[in-house]
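# Chains, contacts and geometry: an overview
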Amino acid sequence: MGKSFLSVQLSGTAVLIIALLWYLCCHKLKFILNTPLRSLLIAGSSLLLGLFLGHAYANLQLAERLSKREHEVSEKEIVVYIKELNKLGDQNIQQALHVLNPDGNTVKWMGFLPVSDPVTSSLVNDETKQQTLELGRYYLLQGQIRPNHSYATPGAFDAEKWALQQNVMAGFRIKHIQELQPQQLYALGYGKYLRQQQNLGQRFLLWVEQQRLALREFVARQPVQQKGLLLALLSGDESLLDQATEQQFQRFGMSHLLAISGPHVLIFAFIICGSLQYLISRYTPQIYLKWPRQYFLSLPFLLCVLLYCAFVGFEIPVLRTLLICVIVTFTLLLRQSVQPLKLLILSAALLLLFDPFSILSAAFWLSYGACFVLLRIYQTIQQQPNQTIQTALQRLYFAMKVLVESQWKIFLALFPLMMLFFKQVAWITPLSNLVAIPWIGLLIVPVDILAALLFFISEPLSSLLFQLNDIFIPLYTTNFTEPLSYQASVFLKLPEFP
């Protein structure tokens, strides 16, 4: 994307010639050419055709998105709709703004509402609470456009590329807020957009964001010390996370645990589907006579994965999990089989088809890189001869062996990518993850998800589980990460990643 690495410019004629060659090799020349040469021609023409079409598609999407960017600092008055959860910070509140146009199209900007600004300090509701932009509301905002810029310093955070990947066309420093009613929006010519937000899909996404906000406020009220970490491990929302905890995870190479990924989604789906399977087996087992269990539970499983993906904002790691689960479910229903490596590549291809800008994100490369290493380890385990009798001690030894092997292989495999994207790497990462992954992944995250589920059923029970989980977290941080801080001197430091 955005690279002129092709010496031959793409044209319709070139694509037609390559497509014709591919068609002839696949169908018409199979009796003329021998098998090795025909296979080589099919592979070569497929590669060229995919390269041309993929490069053209990516650059077409890039040109369209670049045409919507703002390039100059200026004062402006805009009409916006709030449908995404904000992020609280020490200096300001970051809020995604969907800027409305009369034709119904929108552009996404990132709004900044300073916490200590004299203007915002006067926006007080009931003299107790600062006014913020509420979900599902429309506002007339006055402020200053702040274009996104990159830094010339090597290794510094590329804010411009991040904004482009996130579809953020500009920053906007908010100076004045005025809420608009639907009647005012119809009078201004935005009726088409109002009607679009009334469909079922948009209302569902808004409801999910409202539940995220309610859960954040509930966790913030709990008498716990690690409320920021509990919320970050649950939904990826780092609004309550203090800087010291975040730096501690970065220092030990465990920042990936704060990113919501496949294990979080699957734990949630297994809790729901496991409970559903228990209820059916206990009260109505005759359902399985009509539909086999794996077919009957496939749809609830997919719905759970989709719901959790929406709950965490459809980040790249959870989108990868969603696509893989969809492909596996459909192959199961169609009674087909697909190889694990092809499944991983197909999910990456679909993700880039839906969002070609994922290629610019470090999360895409690190997520799929780690999955590829884990897949190779799984295939190695499958090739080993099965032992019919294993004691509990042997199973524990085997699990620890797999964990150690996976950590150093993932570390070595992702080392070039870490240096390329972040210009630094923590050598202590494999050692810290040996304890962090089982403790956080197998104990803290499941309890966290269960507490979040109970929040919608019984708030007292949810509060009890959050407080219990707050006890588990210090057991890990004080007994492991603090002693390791004295050993973390072997740490390769290059320019810091903000």
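Residues numbered from 1 in each chain as written. Predicted model: local features only at pLDDT ≥ 70, side-chain atom pairs only at ≥ 80, totals over all residues. Heavy atoms only, no water.

### Comments concerning the overall build of the protein
Threshold: Strands are runs of DSSP state E lasting at least 2 residues, helices are runs of H or I lasting at least 4, and numbering of each runs from the N terminus. Three labels apply to residues, based on accessible area from a 1.4 Å probe with only protein chains included: buried if under 20% of the type maximum, exposed if over 50%, partly exposed otherwise in between. Note on contacts: a residue pair qualifies if any of its non-hydrogen atoms lie within 4.5 Å across the two residues. Per-residue and other accessible areas were derived by the Shrake-Rupley procedure at a 1.4 Å probe size, with only the shown protein chains allowed to occlude residues.
For the protein, the count of helices and strands is 19 helices and 10 strands. Expressed as a percentage of its 498 residues, the buried residues of the protein come to 40%. Considering only contacts within the protein whose residues lie at least 6 apart along the sequence, 70% involve residues at least 24 apart. For the protein, the exposed area adds up to about 28400 Å²; of that, 62% sits on carbon and sulfur atoms.

### As for the side chain of S358
The criterion, for reference: N or O atoms within 3.5 Å of each other form a polar contact, as long as, within protein, one can give a hydrogen and the other can take it, and as long as residues adjacent in sequence are counted only when both atoms are side-chain atoms.
Take S358: it is sitting in the loop between α15 (340-354) and α16 (362-383). A distance of 3.1 Å separates a polar side-chain atom of S358 from the backbone oxygen of D355. If sequence neighbours within four positions are ignored, S358 has contacts with Q165, I316, L351, L352 and F364.

### Points about the pairing of strand β7 (residues 138-146)
Put simply, the rule is: A pair of strands is labelled paired if DSSP reports no fewer than 2 bridges between them.
Here β7 lies mainly inside the structure; 7 of its 9 residues are buried. Judged from the 8 bridges that link them, strand β1 (residues 74-81) and β7 form a sheet pairing that is antiparallel. In the strand pairing of β7, V79 is matched with L140.

### So, the nonpolar core
Test applied: The definition of a nonpolar core used throughout is a set of buried Ala, Val, Leu, Ile, Met, Phe, Trp, Tyr and Cys residues joined through side-chain atoms within 4.5 Å.
Grouped together as the largest cluster of nonpolar side chains are 51 residues, with contacts concentrated most on V305 and Y308. Those elements that place two or more of their residues in this core are α7 (200-220), α8 (227-235), α10 (262-283), α13 (298-311), α14 (316-333), α18 (429-455) and α19 (459-485). In terms of residues, this core owes the most to one element, α18, which gives 10 residues. Not counting residues up to four positions away in its chain, the partners in contact with V305 are V265, A269, L322 and C325.

### So, unusual backbone geometry
Its identity is not glycine, yet N167 carries a phi of approximately 65°, on the positive side. Here N167 lies in the loop between α4 (159-165) and β8 (171-180). Given the relative accessible area of 30%, N167 is considered partly exposed. Phi is positive for R335, close to 60°, though the residue is something other than glycine.

### A word on the packing of aromatic side chains
Using the following cut-off: Ring pairs are drawn from Phe, Tyr and Trp, using the six-membered ring of Trp, whenever the two centres fall within 6.5 Å, and their geometry is named by plane angle: stacked under 30 degrees, edge-to-face over 60, tilted for the rest. Placement of a positive charge over a ring is assigned whenever Lys NZ or Arg CZ falls within 6 Å of the ring centre and within 35 degrees of the normal to the ring plane.
Evaluation of the coordinates by the stated rule reveals 15 aromatic pairs. The structure contains a cluster of three or more aromatic residues connected by ring pairs, namely F218, F455, F456 and F466. One Lys or Arg, R65, reaches over the ring of F357 and ends 3.6 Å from the middle of that ring.

### Quick word on a nonpolar patch on the surface
Our working rule: Every patch collects residues that have over 30% relative accessible area and no salt bridge, joining them within 9 Å if they carry like charges and within 5 Å if they are nonpolar side chains (Val, Leu, Ile, Met, Phe, Trp, Tyr). Salt bridges are defined by distance alone: a side-chain nitrogen of Lys or Arg within 4 Å of a carboxyl oxygen of Asp or Glu.
A cluster of nonpolar side chains, contributed by F204, L205, W207, L299, L303, L306, L307 and F314, occupies part of the molecular surface with about 690 Å² of accessible area. For the nonpolar patch, the secondary structure elements donating two or more residues are α7 and α13. No other element matches the 4 residues that α13 contributes to the nonpolar patch. Counting through the fold element by element, L205 comes out in helix α7.

### Description of α13
Put simply, the rule is: For a helix, the expected span equals 1.5 Å multiplied by the number of residues minus one.
With 14 residues, α13 extends 20 Å from end C-alpha to end C-alpha; this agrees with the ideal 20 Å at 1.5 Å per step. Those residues of α13 that sit buried are S298, F301, L302, C304, V305, Y308, C309, A310 and F311. Those residues of α13 that are buried lie in contact with α7, α8, α10, α12 (293-296), α14 and α18. A positive phi of about 90° marks G313, the residue just after α13.

### Observations concerning empty space enclosed by the protein
Where empty space is left in the structure can be found by rolling a water-sized probe over the atoms. Worth spelling out the cut-off: Of the two site types, the cavity is a set of points on a 1 Å grid over the protein atoms alone where a 1.4 Å probe fits but cannot get out, and the pocket is an open set with protein on both sides within 12 Å along at least five of seven lines, each lined by residues with an atom within 4 Å of a point. Grid points are joined across faces, edges and corners, and a volume is the space filled by probe spheres set on the points. Here the nonpolar group is Ala, Val, Leu, Ile, Met, Phe, Trp, Tyr, Cys and Pro; Asp, Glu, Lys and Arg are the charged ones; every other residue, Gly included, is treated as polar.
Enumeration according to the criterion identifies 1 cavity of 30 Å³ or more in this entry. Lining the largest cavity are N86, I93, Q95, L113, T132, L133 and I174. Grouping the amino acids of the lining of the largest cavity by side-chain chemistry returns 4 nonpolar, 3 polar and no charged.

### Focus: the side chain of S361
Position of S361 among the secondary structure elements: in the loop between α15 and α16. Setting aside anything within four residues of it in sequence, one finds S361 in contact with Q165 and I316.

### Some words on the pairing of β1
Note: β1 against strand β3 (residues 92-100), 2 bridges, orientation antiparallel. If you follow Y81 over to β3, its bridge partner there is H98.

### A short note on the packing of helix α17 (residues 392-422) against α18
What describes two packed helices is the angle between their axes and the distance between those same axes. Applied cut-off: Note on method: axes are straight lines fitted to C-alpha atoms, helices fitted across the in-contact stretch only, with angles between N-to-C directions ranging 0 to 180 degrees. Throughout this description, any angle smaller than 35 degrees is read as roughly parallel, any larger than 145 degrees as roughly antiparallel, any in the 65 to 115 degree range as roughly perpendicular, and the remainder as oblique. Each helix crossing is assigned a hand: it is left-handed if the near helix lies turned anticlockwise from the far helix by less than a right angle, otherwise right-handed if that turn is clockwise.
One way to put it is that α17 packs onto α18 with a least axis distance of 9 Å and a crossing angle of 130°. Put simply, α17 runs oblique to α18. Between α17 and α18 lies a crossing of right-handed hand. Contact with α17, carried on its side by L403, V404, Q407 and F411, involves T429, P430, N433, L434, I437 and P438 of α18 and no other residues of that element. In the contact of α17 with α18, the residues fall into 7 nonpolar, 3 polar and no charged.

### Here we look at α8
Counting buried positions along α8 yields 8 of 9 residues, so the element is predominantly enclosed. Considered for burial, the residues of α8 that qualify are G228, L229, L230, L231, A232, L233, L234 and S235. Following α8 by one or two positions, G236 has its phi on the positive side, about 80°.

### What about the confidence of the model for the protein?
Short version of the rule: What pLDDT conveys is the predictor's confidence in a given residue, as a value from 0 to 100.
Averaged over every residue, the pLDDT of the protein is 80; the share at 70 or more is 84%. Ranking the helices and strands of the protein by mean pLDDT puts α7 first, with 92, and strand β10 (residues 491-492) last, with 34. Within the model, pLDDT remains below 50 along residues 117-130, and this stretch shows 15 contacts once partners closer than five positions in the same chain are excluded. Here residues 479-498 is modelled with pLDDT under 50, and outside its nearest four sequence neighbours on either side it reaches 41 contacts, counting other chains as well.

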